[in-house]
Amino acid sequence: MDLQLRHLRALVAVVDTGTFTDAATELGVSQAAVSRSVAALEEALGVRVLQRTTRYVTLTGTGTQVLAGARRILDEVTHLSRLAERQRSELRFGYAWAALGKHTRRLQRTWAALHPGTPLVFVHTNTPSAGLSDGTADVAVVRRALEDPRFESAHIGTEARCAAVATDNPLARRRTVHVSDLTRYPVAIDDRTGTTTLDLWAPGPAPANVRTTHGVDEWLLLIAAGQAVGITSEATANQNPRPGVAYRMLRQAPRIDVWLAWWRDDPPADLTDLIRLSRAAYTPTTP
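Residues numbered from 1 in each chain as written. Predicted model: local features only at pLDDT ≥ 70, side-chain atom pairs only at ≥ 80, totals over all residues. Heavy atoms only, no water.

You'll find the protein chain entered in an unreviewed UniProt entry as LysR family transcriptional regulator, with Actinoplanes sichuanensis given as the organism. Annotation of the protein chain in UniProt includes, under Sequence similarities (unreviewed entry), the sentence "Belongs to the LysR transcriptional regulatory family." (UniProt positions renumbered as here; feature names shortened; annotations may be inferred.)

**Here we look at the packing of helix α1 (residues 5–17) against helix α2 (residues 20–27)**
Put simply, α1 and α2 touch, their axes get as near as 8 Å, and they point 120° apart. Between α1 and α2, the angle is such that the two are oblique. For the element pair α1 and α2, the recorded crossing hand is right-handed. Residues R9, A10, A13, V14 and T17 of α1 form the contact with α2, whose participating residues are F20, D22, A23, E26 and L27. In the contact of α1 with α2, the residues fall into six nonpolar, one polar and three charged. (Axes fitted to C-alpha atoms, helices over the stretch in contact; angles between N-to-C directions. Helix = DSSP H or I, 4+ residues; strand = E, 2+ residues; numbered from the N terminus. Parallel < 35°, antiparallel > 145°, perpendicular 65-115°, else oblique. Left-handed = near helix turned anticlockwise from the far one by under 90°. Contact = heavy atoms within 4.5 Å. Nonpolar A, V, L, I, M, F, W, Y, C, P; charged D, E, K, R; others polar.)

**Points about the confidence of the model for the protein chain**
The predicted model of the protein chain has a mean per-residue pLDDT of 91, with 96% of residues at 70 or higher. Considering each helix and strand of the protein chain separately, the mean pLDDT is smallest for helix α4 (residues 61–89), with a value of 81, and largest for strand β7 (residues 161–166), with 98. (pLDDT = per-residue confidence, 0-100.)

**A few points about the sheet that holds strand β11 (residues 230–233)**
Here we have four strands laid out as an open sheet, ordered β8-β12-β7-β11, and mixed in their pairing. Taken across any chain shown, the strands that pair with only one partner, and hence form the sheet edges, are β8 (176–178) and β11. The mean angle between the axes of side-by-side strands here comes to 45°, regardless of whether they run parallel or antiparallel. Here β7 runs beside β11; their pairing, made up of four bridges, is antiparallel. Bridging from a neighbouring strand, A163 pairs with I231 of β11. (Pairing = 2+ DSSP bridges.)

**Structural notes on the sheet that holds strand β5 (residues 139–142)**
With mixed pairing, five strands are arranged side by side in an open sheet as β4-β3-β5-β13-β6. At either margin of the open sheet sits one strand with a lone partner, and together these are β4 (120–124) and β6 (151–159). Each neighbouring strand pair of the sheet contributes to a mean axis angle of 25°, computed without reference to strand direction. Direction of pairing for β5 relative to strand β13 (residues 256–263): antiparallel, over a ladder of four bridges. By the bridge assignment for β13, V142 is matched with W259. Here helix α8 (residues 271–282) sits on the sheet and contacts β3 (91–95), β4, β5, β6 and β13; the angle it forms with β6, its principal contact strand, is near 15°.

Printed below as a string of structure tokens:
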């Protein structure tokens, strides 16, 4: 079956304009070319899609179904073209929880100065690859190493960990807390995209009660209601302030590694600049 997009476009144009002549004008081709395209479509499918007379053109019963399918296919092709165009005109930066936290604005400013014609657009996607797998993002910040061989990554910095508790929790009155202080409470953990695991409590006792969450908003709602406590990156504390939630620095907890990730076989344009600027954002500046 040699079915081509121009055949589908010809059918849609004929139906929408009502005649082969008007369809030819719409498509910017000759009337003969439109006739050949519709004939080729019918030959490829092995069915008649249009009834033609000297006075009018109408769809056959099968043609009505073919037309619906043709419109869907052409809509999808248009969508794909727009995706490709968007990728050329902007760089989509995926994140699952908190972008780069307090470093986000610095990266935005330095990127805009260097690449004014390519906006750096941050997109929130609560998936392990922060939007890479489904094409939502061109590059992503992740705080859990991606084992998927389709992706490449570069280390850009580290972040401290914070405890998150309700503002009326006694721990909120402290400046810092220890992981052992949290064992008496239910702990909210997003084991899909979060950075907290029960290994943080080893070799001591782990919390007896774990509340599974599915994203930062649900996690914050539980904590604000006093139904759980949590541990997260300092980036979350910076980018997600929430009434009813107090963030306190966590003592003697390992720092969180932060990576940029991208498709191994399809790295975004200017990736080298993005890695360099992201690392610079995490580098302390001297007064």
